[in-house]
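# Chain and residue survey
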Amino acid sequence: MPGTLNKVLLGAGAAGVGVAAWQTTFPWIKYDVQMMKFQQHMNKMRQEALSSFLIDKFETHADKQPKKAMLIFEDSVYTYEFMELQANRVANAVRCLGLSFGDTVAMMIHNEPAFVWTFLGLQKIGISVALININLRTKPLVYSILASDPKAIFVGPGFDLLHAVSDVLEDLQGLPIYIQGCTGHEVPLGMNDFDFLMAQSLPVRTDRSVRKNMNKESTLCYIYTSGTTGLPKPVFVSQGKGSGLSIGLQGVTMSADDVVYTCLPLYHAAGGGIGLFGVIERGATMILAQKFSARHFWPDCQKHGATVVQYIGEILRYVLAQPPNELDCVHNVRAAIGNGLCKDVFTAFQERFRIPFVCELYGATEGVGLIFNIANKPGAIGRLSPLLNKTDPTPKELVKFDYATAQPIRDKNGHCIKVKIGEPGLFLSKIPDEMRQGKDTVRVYKASEEANEKKLVRNAFADGDLYFNFGDVLYLDKDYFLYFHDRIGDTFRWKGENVSTTEVSNVLSLLSFIGDANVYGVQVPGHDGRAGMAAITLKEGNKITEAQLKQLYQLCEDDLASYARPLFIRILSQSVLSVTFKHQKYDLVQEGYDLTKVTDPLYYHNSSAQTYSPLTAQVLSTFLQSRL
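A brief structural summary. Each chain has its residues counted from 1, running along the sequence as written. Per-residue local features of the predicted model are confined to residues with pLDDT of at least 70, and side-chain atom pairs are confined, for both listing and counting, to 80 or more; whole-chain, interface and lining totals are unaffected and use all residues. As a convention, hydrogens and water are excluded, and side-chain values are obtained from all of the structure's heavy atoms.

For the purposes of this entry, the term helix denotes a DSSP run of H or I that reaches at least four residues, the term strand denotes a run of E that reaches at least two, and both are numbered from the N terminus. With respect to the helices and strands, the residue Asn43 is situated in helix H3 (residues 29-49). Separated by 204 residues in the primary sequence, Asn43 and Ile247 place their C-alpha atoms 9.8 Å from one another.

This paragraph deals with the packing of helix H4 (residues 54-64) against helix H11 (residues 269-282). Only the contacting stretch of a helix is used when fitting its axis, a line to C-alpha atoms as for every element, and angles between N-to-C directions run 0 to 180 degrees. Close contact between H4 and H11 brings their axes to 8 Å; oriented N to C, the two are set at 50°. Here H11 runs oblique to H4, going by the angle between their axes. Remark: the crossing between H4 and H11 carries left-handed chirality. Two secondary-structure elements touch here, H4 through Leu54, Lys57, Phe58 and His61 and H11 through Phe277, Ile280, Glu281 and Arg282. Oblique is the label for any angle not under 35 degrees, not over 145, and not in the 65 to 115 range, which are roughly parallel, roughly antiparallel and roughly perpendicular in turn. For any pair of crossing helices, the crossing counts as left-handed if the nearer helix is rotated counterclockwise from the farther one by less than a right angle, and right-handed if it is rotated clockwise. Every residue pair with non-hydrogen atoms within 4.5 Å of one another is taken to be in contact.

Between buried and exposed lies partly exposed: a residue is buried under 20% and exposed over 50% of the maximum accessible area for its type, with that area taken using a 1.4 Å probe on protein chains only. Counting buried residues along helix H13 (residues 313-320), 8 of its 8 residues qualify, which places the element largely inside the surrounding structure. Taken residue by residue, H13 has Gly313, Glu314, Ile315, Leu316, Arg317, Tyr318, Val319 and Leu320 as its buried positions.

For the rest of this paragraph, the subject is the pattern of salt bridges. What makes a salt bridge here is a side-chain nitrogen of Lys or Arg within 4 Å of a carboxyl oxygen of Asp or Glu, nothing more. The tally for this structure, following the rule as stated, stands at 28 salt bridges. Across the salt bridge formed by Glu59 and Arg211, the nearest N and O atoms sit 3.0 Å from each other. With a gap of 152 residues between them, Glu59 in helix H4 and Arg211 in the loop between helix H9 (194-200) and strand E8 (219-225) connect regions that are remote in the sequence. As far as the burial class goes, Glu59 and Arg211 line up, both buried. Close ionic contact of Asp528 with Arg317 constitutes a salt bridge, the shortest N to O distance being 3.2 Å. Of this pair, Asp528 sits in the loop between strand E26 (514-522) and strand E27 (531-538) while Arg317 sits in helix H13; the two residues are 211 residues apart in sequence, bridging distant segments of the chain. A relative accessible area of 5% places Asp528 in the buried class. Several salt bridges share partner residues, and in doing so they unite Asp56, Glu59, Asp63, Glu84, Lys124, Arg205, Arg208 and Arg211 into one network.

Criterion used throughout: strands pair if DSSP finds at least two bridges between them. Reading across the sheet, the 8 strands line up as E2-E1-E11-E10-E12-E13-E14-E15 and stay open at both edges, with mixed pairing between neighbours. Edge positions in the sheet fall to strand E2 (76-79) and strand E15 (371-373), since each of these pairs with one other strand and no more. Looking at each pair of strands side by side, their axes are set apart by 20° on average, direction ignored. In the sheet, strand E13 (residues 335-339) pairs with strand E14 (residues 357-362) via 4 bridges, with the strands oriented parallel. The residue of E14 that forms the bridge with Ala336 is Val358. On top of the sheet, helix H6 (residues 113-124) reaches strand E1 (69-73), E2 and strand E11 (285-288); it is set at about 145° to E1, its chief contact.

Next up on the list: the packing of aromatic side chains. Aromatic rings considered in pairs are described by the distance between their centres and by the relative angle of their planes. Classification of ring pairs rests on two measures: the distance between centres of Phe, Tyr or Trp rings, Trp counted by its six-membered ring, which must be within 6.5 Å, and the angle between planes, read as stacked under 30 degrees, edge-to-face over 60 and tilted in between. Under the counting rule described, the total for this entry stands at 28 aromatic pairs. Taken together, a centroid distance of 4.8 Å and an interplanar angle of 70° make the contact between Tyr31 and Phe481 edge-to-face. One end of the pair, Tyr31, is in helix H3; the other, Phe481, is in strand E23 (residues 481-487), with 450 residues separating them in the sequence. For Tyr31, a relative accessible area of 23% translates into the label partly exposed. Judged by relative accessible area, which is 1%, Phe481 ranks as buried. For the ring pair Tyr362 and Phe427, a centre distance of 5.6 Å and an interplane angle of 75° mean the geometry is edge-to-face.

Moving on to the sheet that holds E26. Read across the sheet, 5 strands follow the order E26-E27-E28-E29-E30 without closing on themselves; strand pairing throughout is mixed. Taken across any chain shown, the strands that pair with only one partner, and hence form the sheet edges, are E26 and strand E30 (611-614). Adjacent strand axes in the sheet meet at a mean angle of 30°, parallel and antiparallel pairs treated alike. Looking at chain direction, strand E28 (residues 568-572) and strand E29 (residues 602-606) are connected through 3 bridges and run antiparallel. Looking at the pairing, Ile569 lines up with Tyr603 of E29.

Counting through the fold element by element, Glu84 comes out in helix H5 (residues 80-96). The buried category is assigned to Glu84, whose relative accessible area is 7%. Within polar-contact distance, the side chain of Glu84 engages the side chain of Lys124 at 2.9 Å. Polar contacts involving the side chain of Glu84 include one to the side chain of Arg205, which spans 2.7 Å. Setting aside its immediate chain neighbours within four residues, Glu84 contacts Phe58, Glu59, Ala62, Lys124 and Arg205. Pairs of N or O atoms are called polar contacts if they sit within 3.5 Å, as long as, within protein, a hydrogen donor faces a hydrogen acceptor (for residues adjacent in sequence, only side-chain-to-side-chain pairs).

Here Thr253, not a glycine, exhibits a phi torsion of approximately 50°, which is positive. Relative to the helices and strands, Thr253 resides in the loop between helix H10 (239-246) and strand E10 (259-262). Backbone geometry places Gln610, a non-glycine residue, at a positive phi of 55°. Examined against the element boundaries, Gln610 turns out to sit in the loop between E29 and E30.

So this is what it looks like as structure tokens:
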């Protein structure tokens with residue numbers, strides 16, 4: 001790639017006075033040159049990140065800058081030295097429990113310092129950590145824990161987490177459970193007091209020889225995703241992939257002097273992989289919020305001197321909804337980085353708060369690499385030009401696809417068909433040979449071979465090649481900027497979380513009066529992502545009773561995370577099926593909850609009445625406004 005970049009630059013220089021004409025003919029080339037320079041920088045940072053493991057980097061920073069703030073949480077400062085001592089206590093306590101290198105444990109902890117030092121302590125002895133979503137309950141929680149095949153479960157402070165695990169104790173197959181934040185007499189029967197073990201443990205560092213067998217293929221952690229179907233699935237994040245995630249903040253040229261504000265969940269790839277790993281990799285400082293608060297977001301950044309903020313699209317829309325303040329522009333923030341930012345929010349946020357640089361990025365937890373919009377181009381998620389694809393070791397393509405199957409359409413030779421400029425296409429990325437296991441497949445999900453295979457596109461453009469299917473529909477403009485168009489398949493995104501339609505459908509179908517539940521995401525004005533909606537077919541007739549609506553509401557409250565609960569219910573007279581006997585969602589999605597198009601009964605999630613209530617034109621606007 002450096003040679004290609006040099007040729008481009010030399011060609012420009014040789015053209016002399018013809019450069020202006022050259023750029024007029026190819027107005028997009030300046031963005032390619034900018035991106036190629038950025039790729040060179042990223043390649044250099046990637047090699048640096050891969051030079052040692054993430055935990056080694058943390059220990060090095062703790063030795064070199066012990067008094068530097070690593071975390072700022074609820075106005076308390078946690079230095080690298082303190083986090084190191086706590087992590088050492090975790091490592092020594094865990095070793096006494098008989099856990100060792102190569103084992104896996106499940107960890108369910110809120111955004112707080114205990115998450116970080118517990119994770120780091122487990123890394124010190126080479127234990128893989130399954131990062132459990134704190135919002136999960138009942139069956140999805142049990143499935144997520146057991147899917148990683150853990151030897152133990154570590155649960156952080158908070159009675160909500162304690163109750164969540166207590167409710168499924170009998171389904172956890174006798175796994176040892178270690179609770180933080182409880183005194184001895186508060187720990188329920190069948191669980192163990194981890195704080196007591198920590199208090200008895202020495203804060204001395206475990207010798208690195210304990211993890212001497214660690215390599216870049218070793219599993220660092222499992223981060224869960226809905227993938228395309230079914231319950232949450234653990235995605236393999238190797239030590240090498242973790243190092244790759246840790247340079248994501250290089251999209252804004254992250255340095256050790258930066259202070260990163262993160263209110264995203266640490267159990268996800270954005271908050272944990274890009275945010276936390278990135279701070280550890282550079283030896284920087286993180287301002288950590290337990291959860292997102294539109295009211296506190298900007299004051300927290302101002303108070304603690306944030307220089308970089310992480311976001312997902314919904315967050316900045318809510319921040320903008322806060323009343324303007326004369327101090328909006330009084331801050332140290334030089335850049336924002338994240339994904340899912342719509343064009344209108346991109347521009348309004350940058351103008352109101354005077355943010356010099358907003359870097360939109362795109363990727364998937366189980367995907368291959370990240371792409372960046374480093375051109376401050378509102379709405380774009382990156383670039384995909386012919387020149388960049390020639391210099392990219394993992395070329396990317398947009399191809400024609402079938403909405404019903406979420407799979408590429410093939411030509412007469414069995415190969416994928418590339419789309420034209422402006423035409424929506426399924427996003428594919430070539431999988432490098434070094435990631436292929438036996439040249440035939442890649443390790444994506446644990447304990448789900450079928451789901452693993454669904455993410456792979458074989459013989460995409462040539463016999464023997466292998467591409468990753470992101471499951472998203474994107475499109476290009478005439479200058480080769482890339483934009484998000486839609487998510488297809490059996491997953492949609494709401495409140496920053498992936499929602500599996502199959503999972504929600506399976507839960508709704510538990511009710512005896514429901515014959516079929518077709519779940520999908522619908523757009524809501526003023527919101528990014530899609531809200532849940534379920535088209536339900538009843539076993540008898542097509543009228544649902546008030547008692548049944550209350551049952552449906554209570555089931556969703558008990559068995560689904562808040563972001564997965566359908567906001568809208570549609571009662572169908574008969575199930576909508578395609579000719580292949582699969583749910584045909586396209587028309588349902590297009591009609592949504594539009595009262596001018598839908599003649600079936602519609603209901604909305606009425607939390608004040610604790611039921612699903614009839615949706616009318618009179619209540620619709622009020623309901624939508626309450627969701628902002």
